[in-house]
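Residues per chain are reported as follows:
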Amino acid sequence: MVNINDQRIQLDVSASQKISNGFSVFAEVMNLTNAPLRYYNGTTSRPEQQEFYSWWGNLGVKFNF
C-alpha cells in the first residue's frame, strides 16, 4: 500500500522591532491553528496516524554587527 499525507495548512506569525543600531527584539508563534498531521494507508478512507503538535513560539533579542 501507498502511504498518503493529508494536506496541512499551518498559520505562523512573526514580528520584530528595531530598538537601536544593531539591536532588535522579535517574537514568533507557529501553528496557531493546531493543524493536525495525518497519514493514510492508500486512501483517505483508511486513516493510519494523526498527530497534533499544539502551538509554540520564540521570543528574543538580536544583535547585528
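Report on the accompanying structure. (Residues numbered from 1 in each chain as written. Predicted model: local features only at pLDDT ≥ 70, side-chain atom pairs only at ≥ 80, totals over all residues. Heavy atoms only, no water.)

## Re the pairing of strand 3 (residues 23–30)
Here is step 1 of the chain: One ladder, built from seven bridges, connects strand 2 (residues 13–20) with strand 3; its direction is antiparallel. The residue of strand 3 that forms the bridge with Gln 17 is Val 25.
Here is step 2 of the chain: Hairpin connection of strand 2 to strand 3: two residues between the antiparallel strands, including Gly 22 at a positive phi of 90 degrees.
Here is step 3 of the chain: As paired strands, strand 3 and strand 6 (residues 56–63) are joined by eight bridges and run antiparallel to one another. (Pairing = 2+ DSSP bridges. Helix = DSSP H or I, 4+ residues; strand = E, 2+ residues; numbered from the N terminus.)

## Quick word on a nonpolar patch on the surface
Here is step 1 of the chain: On the surface, a nonpolar cluster with roughly 690 Å² of combined accessible area is contributed by Ile 19, Phe 23, Val 25, Val 61, Phe 63 and Phe 65.
Here is step 2 of the chain: Secondary structure elements with two or more residues in the nonpolar patch: strand 3 and strand 6.
Here is step 3 of the chain: With respect to the helices and strands, Phe 23 occurs in strand 3.
Here is step 4 of the chain: Overall, the relative accessible area of 39% leaves Phe 23 in the partly exposed class. (Patch = residues over 30% accessible without salt bridge, like charges linked within 9 Å, V, L, I, M, F, W, Y side chains within 5 Å. Areas by Shrake-Rupley, 256 points an atom, 1.4 Å probe, with all protein chains shown as cover. Salt bridge = Lys/Arg side-chain N within 4 Å of Asp/Glu carboxyl O. Buried < 20%, exposed > 50% of the residue type's maximum accessible area, 1.4 Å probe, protein only.)

## Brief notes about the side chain of Asn 31
Here is step 1 of the chain: Considering the arrangement of structural elements, one finds Asn 31 in the loop between strand 3 and strand 4 (37–41).
Here is step 2 of the chain: For Asn 31, a relative accessible area of 0% gives the class buried.
Here is step 3 of the chain: For Asn 31, the side chain forms a polar contact with the main-chain oxygen of Ser 54, separated by 2.8 Å.
Here is step 4 of the chain: In this structure Asn 31 touches Arg 8, Gln 10, Leu 11, Asp 12, Tyr 53, Ser 54, Trp 55 and Trp 56, once residues within four positions along its chain are discounted. (Polar contact = N/O pair within 3.5 Å; in protein donor to acceptor, adjacent residues only side chain to side chain. Contact = heavy atoms within 4.5 Å.)

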